[in-house]
Structures are given as C-alpha cells and as structure tokens.
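# Structural characterization, general
The lines below spell out each chain.
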Amino acid sequence: MCDTNPTMKSTPPRCLRCCPPSCNPCLCCPPACCQPCTAFCIFDLETAIFDTRHIYQRACRELLASYNKTLPDEVLMQCAPMETHEMAELICRKCELPIMWENFLVQLNEHTCRLIAYPPLMEGVERLINHLHENCIGLALITASSRSIYCKKICGHEELFAKFDHVLCADEYNRPKPDPDCYLIAMKLLCDPPCAECCLAFDGSIKGVQAAREAHLRVIMLPDPELPCCWSELATERLETLIEFDPVEYGMPYLEPLPPPPTKPSPESSLSPTHSAVDENVNTEEEIVASGQDEEAPPEEPPEEPSAEA
C-alpha cells in the first residue's frame, strides 16, 4: 500500500570494504565494485517508467478535432520544449480556435488526465528495474505528481514500485524542471554526500534532461521517436526503448539480452509435408510424361505385298 506520509531518509552507509563513493549500500559487494561504476539510478515516472510520450499529442489532436481543426506537424515540433500553458497558447493562436487559450488549457488538462489515468509501462523498464534491484543498485523515483496522485498512478504496479528505495513527489521539492532541484534531492537521498559520478538518470523530456545535466548527472533520454536529434544533444545517450540499454557500458552488472524475435516462415516453407509429397509425386508424373513424349516412337513396318504367283 502506498505510504501517504513517507519518511525522507538517506541511504544507509556504504560497505566499508569498498572505495567510497563509487559503491552501493550492499554489504556483500564484490571487489569489482571498488572500480568506478554506477551505483545508483534515478528514474522519472512520467517519461522513463510510464510511456506517456504520445499522450499530449493524442490529447491535442482529439481536442482540436472537436473544433474541426488539425494539428500541423510544424506546430507540434514547436510545442516540444514548451510548458503546457505555453503549448496551449501557441495552438490556440496557430489553429485559430474560437476560445481563449486559458479555456483550451483547462480542456486539454482534463482530457489528458482521462488518457493518462492508466498509462502503459515503458518497453523494457520492468526487466531493467528487476535486474538493477537484484544487483544492489540503489533506485530513486521522481515524479511531477503529488503523493496522492502518485499512489493512484501506480495502482496495479505496487510490487514493481516497492523496489525503489526513495520516491520524490512534486510536493516534496520546490522548483520544477528544468531546475535541477528534484535530481539534487534524489541524489542526496541515495548517497550522502551526493556523488554525481556514481549516479545515472533516466528521463524522456527535454527539460528533464536539462535538469539532470544541471545536476551534473549522466542521463539516458527516452524521447518521442519523432523528436529531432538536435533536441537531445545534452543527453549522454538517446534510446527509443530501455530494451536497447546496456548496463555494462555504465559500470553496472551484465544483463542478458533478449533473444531475437522468431523469423516468420516463408510461404513455400509453410507447406505441410503431405502437400510437399503430393507436389513431388505430381512433378514426377509430369517428368515421366514429358520424357515419354520426347522419345521417338519406332517406325511401323509396311504391310507385305502379295506375291505374283498367288
């Protein structure tokens, strides 16, 4: 059950046999952890855990359709780095909506809340979190939602989110992204004193990446695939899904890659053995007939002529 009044505390002291601060709080760390590594990971709930990349785009298109309007791609690209109120004002002006942008913003937020009520998990995120948790990597979660909204969002996924050591909600830090406040606090909760070199952030928004870099963190960006590459230049690495993420590249334990998807059989190979045998018999008979036609028939002997004596 979600704790509505969490106790904010720092991670327990690290193993004394390891070289601080490049280690996690596991008391059974192997000697390899004394080398520079990533010991802590910070995930953004809305853009790295839940796949909400298309929610606002879908909400805008559906809302504009109710006014018989469409959302041009160039306007959509301009909206990428904007706050919600800036996006609402731009769409109202560019699409010439018959309402004030403040009213459109209210409608957009209401429609988005309906769509985002039960968002799907990002592809590969559950597998990655389980792997990190099993290997004693400290995990923190940041969200732009209040604690009460967060508890509703994770409904049905409580077992997964119980693996996070710390959850930092919007009502527990002062300044939103792109200010690095949320990342700085999460980093201090994981390791005190904070160590940016042994932390890795996962975020999918432009302002989230900017906030992580302002906190001197390396950051894996999971943006909308349609976002131009120039908007992700600050990210350490840009990925489409977390299935592509390789923990070894960041000094974390090896994660067995997923097996490749099975190849689809070709139409010829999908024929059953019975059909193949029948086809072979037909082909054999056709070859015999053809070969028989190619052979020349022996000439017929002419009939004997009656003798003159007879």
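All of these numbers come straight from a predicted model, not from anything done at the bench. (Residues numbered from 1 in each chain as written. Predicted model: local features only at pLDDT ≥ 70, side-chain atom pairs only at ≥ 80, totals over all residues. Heavy atoms only, no water.)

## Remarks on the confidence of the model for the protein chain
For clarity, the cut-off: Scored from 0 to 100, pLDDT reflects the predictor's confidence in each residue. We call two residues in contact whenever any of their non-hydrogen atoms come within 4.5 Å of each other.
Per-residue pLDDT for the protein chain averages 78, and the proportion of residues at 70 or more is 72%. Taken together, the stretch residues 7-34 has pLDDT below 50 and engages in 54 contacts with residues farther than four places along the chain or on a different chain.

## Quick look at unusual backbone geometry
Keep this limit in mind: Think of it this way: any DSSP run of H or I at least four residues long counts as a helix, any run of E at least two long counts as a strand, and we number them from the N terminus.
Looking along the chain, the bond that leaves Lys177 and enters Pro178 is cis, with omega of 10 degrees. Examined against the element boundaries, Pro178 turns out to sit in the loop between strand S3 (166-168) and helix H9 (181-190). For the bond from Asp192 to Pro193, the omega torsion is 10 degrees, close enough to zero to count as cis. If you trace the backbone, Pro193 turns up in the loop between H9 and strand S4 (199-203). With a phi close to 60 degrees, Asn68 is a non-glycine residue in the positive phi region. Secondary-structure assignment places Asn68 in the loop between helix H2 (55-65) and helix H3 (73-79). Phi is positive for Cys136, which is not a glycine, with a value near 65 degrees.

## Side note on the sheet that holds strand S6 (residues 237-238)
Under the convention used in this document: Pairs of strands are assigned from DSSP output, requiring at least two bridges between the strands. Working convention: axes come from line fits to C-alpha atoms, limited for helices to the stretch in contact. Angles between N-to-C directions cover 0 to 180 degrees.
Taken in spatial order, the 6 strands make up an open sheet running S3-S2-S1-S4-S5-S6, and their pairing is parallel. If you trace the sheet from one side to the other, it starts and ends with S3 and S6, each paired once. Summarising the sheet, strand S1 (residues 40-44) and S4 pair through 4 bridges and their orientation is parallel. Bridged to Phe43 within S4 is Phe202. Of the strands in this sheet, S1, strand S2 (138-142) and S4 are in contact with helix H6 (residues 125-134), which crosses S1 at around 155 degrees. Packing against the sheet, helix H10 (residues 206-214) makes contact with S4 and strand S5 (218-221), and its axis sits at approximately 165 degrees to S5.

## Here's the deal with the environment of Glu226
By secondary structure assignment, the location of Glu226 is in the loop between S5 and S6. Measuring from C-alpha to C-alpha, the distance between Glu226 and Met77 comes to 8.8 Å, with 149 residues separating the pair along the chain. If we skip the residues at most four places from it in the chain, Glu226 touches Gln57, Leu76 and Met77.

## Thoughts on the pattern of salt bridges
Note the threshold: Criterion for a salt bridge: a side-chain nitrogen of Lys or Arg within 4 Å of a carboxyl oxygen of Asp or Glu. Exposure is judged per residue with a 1.4 Å probe applied to protein chains only, and the accessible area is read against the type maximum: over 50% gives exposed, under 20% gives buried, and values in between give partly exposed.
Tallied over the full model, the rule gives 7 salt bridges. Residue Lys153 is joined to Glu46 by a salt bridge in which the shortest nitrogen-to-oxygen separation is 3.0 Å. Of this pair, Lys153 sits in helix H7 (residues 147-153) while Glu46 sits in helix H1 (residues 45-49), placing them 107 residues apart in sequence. The same class applies to Lys153 as to Glu46, namely buried.

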